[in-house]
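# Topology and contacts: notes
Here is how the chains run, residue by residue.
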Amino acid sequence: MTIAENVARIRAEMAQAARAAGRDPGEITLVAASKMNDAARVREAIEAGVDACGENRVQEMLEKQAQGAYEGVPLHFIGHLQKNKVKQVVGLATLIHSVDSLALLAAIDREAEKRGLRQEVLLEVNVGGEATKSGFAPGEVAEAISSAANFSHICVRGLMCIPPAGRSSEENRLNFTKMKQLFIDNSEKKYDNVYMDFLSMGMSGDFSDAIACGANIIRVGSAIFGPRPYQTTET
Ligand SMILES: *Cc1c(COP(=O)(O)O)cnc(C)c1O
């Protein structure tokens, strides 16, 4: 299967999942999770019509960016972001999906202020409560969102999660539904610097379930590009 064929198949599955849930397929953004794929393959995915590219590693992103890999689509940062790399990501990524601490939120805010811009971010939620995964606990999300009011160079646009790997469709849906509820609960409150409209969840193995449960951004890697040399979610 070529990248173009894969993207076409994923689009068809997205449309089917959206329609089954009574949703408009056009409201769902397909982000190509392009880690470990070179600039030429990323270009192929863009030509095949993905809506955005998402990268996990800062160095890899900068190298591919210098090669013009992402021209024509927004670039998202979806991996674990260390505070000492914030400088290189703020302003380059239109959306940072993976803000997992208030310290990171503060560091992004400071860098965005220096550059005179407002950085859009999502808060990552450790929905499965996994010890090995970063992210806010579900119970911490409300407080994290309210503290965004202190950060005038950030706009919190929503939530993101990576549920526990290798679970059944039923278990995935429980986690996705929990995320959707958190998203709704926190969308109803009105805070400065918060405009909750994105729910980023669903990857190659579970994006149809995520769409059924309300995702409007999915991040798909191996279903577009084929298997990676080392399968990892780089959280
Ligand atoms: C790699 C990655 C994906 C895509 O994973 P696939 O299972 O290959 O679709 C999505 N989100 C994040 C944060 C990732 O690191």
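The sections below set out a description of the structure shown in this document. (Residues numbered from 1 in each chain as written. Predicted model: local features only at pLDDT ≥ 70, side-chain atom pairs only at ≥ 80, totals over all residues. Heavy atoms only, no water.)

## Quick notes on the environment of N193
As for its position among the elements, N193 is in the loop between α7 (169-187) and β7 (194-200). With residues near it in sequence (within four places) discarded, N193 still touches R118, A148, A149, N150, F151, S152, I154, C155 and V156. (Helix = DSSP H or I, 4+ residues; strand = E, 2+ residues; numbered from the N terminus. Contact = heavy atoms within 4.5 Å.)

## Here's the deal with the nonpolar core
Core analysis: the biggest nonpolar cluster contains 67 residues, and I108, L159 and I224 have the highest contact counts within it. Beyond its immediate sequence surroundings of up to four residues, L159 is in contact with L122, L123, V125, V141, I145, M179, L182, F183, M196, F198, L199 and S200. Counting residues in each nonpolar core, the second largest holds 7 residues, with V31, L122, I162 and I217 among its members. (Core = buried A, V, L, I, M, F, W, Y, C linked by side-chain atoms within 4.5 Å. Buried < 20%, exposed > 50% of the residue type's maximum accessible area, 1.4 Å probe, protein only.)

## Quick notes on the state of the cysteines
Summed over all chains, the structure comprises 0 disulfides. There is no disulfide at C155, and the cysteine sulfur nearest it, in C161, is 20 Å away. Look at C155 and you get buried, because its relative accessible area is 10%. (Disulfide = S-S within 2.5 Å.)

## Some thoughts on helix α3 (residues 58-66)
If you check which residues of α3 are buried, you get V58, E60, M61 and K64. Along the axis of α3, the buried positions cluster into a sector of 160°, meaning they face one direction only. Packed against the buried residues of α3 are α2 (39-47), β2 (52-55), β3 (75-77) and α4 (86-89). Just beyond α3, the residue with positive phi is G68, at close to 75°. (Arc of directions from axis to C-beta.)

## Topic: α2
Along α2, the residues that are buried comprise A39, V42, A45 and I46. Seen from one end, α2 has its buried residues packed into an arc of 115°, which puts them on one side. Those residues of α2 hidden inside the fold are in contact with α1 (3-20), β2, α3 and α9 (222-225). Directly after α2, the chain includes G49, whose backbone phi takes a positive value near 105°.

## Considering the pairing of strand β4 (residues 95-99)
Burial analysis of β4 places 5 of its 5 residues in the buried class, which makes it a mostly covered element. Summarising the sheet, β3 and β4 pair through 2 bridges and their orientation is parallel. The partner of H76 across the bridge, within β4, is L95. Where β4 and strand β5 (residues 119-125) come together, 3 bridges link them in parallel fashion. When the bridges of β5 are listed, L95 appears paired with E120. (Pairing = 2+ DSSP bridges.)

## A look at the side chain of R157
Counting through the fold element by element, R157 comes out in strand β6 (residues 154-161). Residue classification places R157 among the buried residues on the basis of a relative accessible area of 13%. When residues no more than four places from it in sequence are discounted, the contact partners of R157 are L95, E120, V121, L122, Y195, M196, D197 and F198.

## Considerations on the environment of A69
Structurally, A69 is set in the loop between α3 and β3. On the basis of relative accessibility, which here comes to 0%, the residue A69 falls in the buried class. Separated by 23 residues in sequence, A69 and I46 have C-alpha atoms that sit 8.9 Å apart.

## Here we look at the environment of Y195
Topologically, Y195 is positioned in strand β7. Judged by relative accessible area, Y195 falls into the exposed class, the value being 52%. Expressed as a C-alpha distance, the spacing of Y195 and F151, which sit 44 residues apart in the sequence, is 13 Å. Non-local contacts of Y195, meaning those with residues more than four positions away in its chain, are made with C155, V156 and R157.

Remember that the coordinates give geometry; whether it matters functionally is a separate question.
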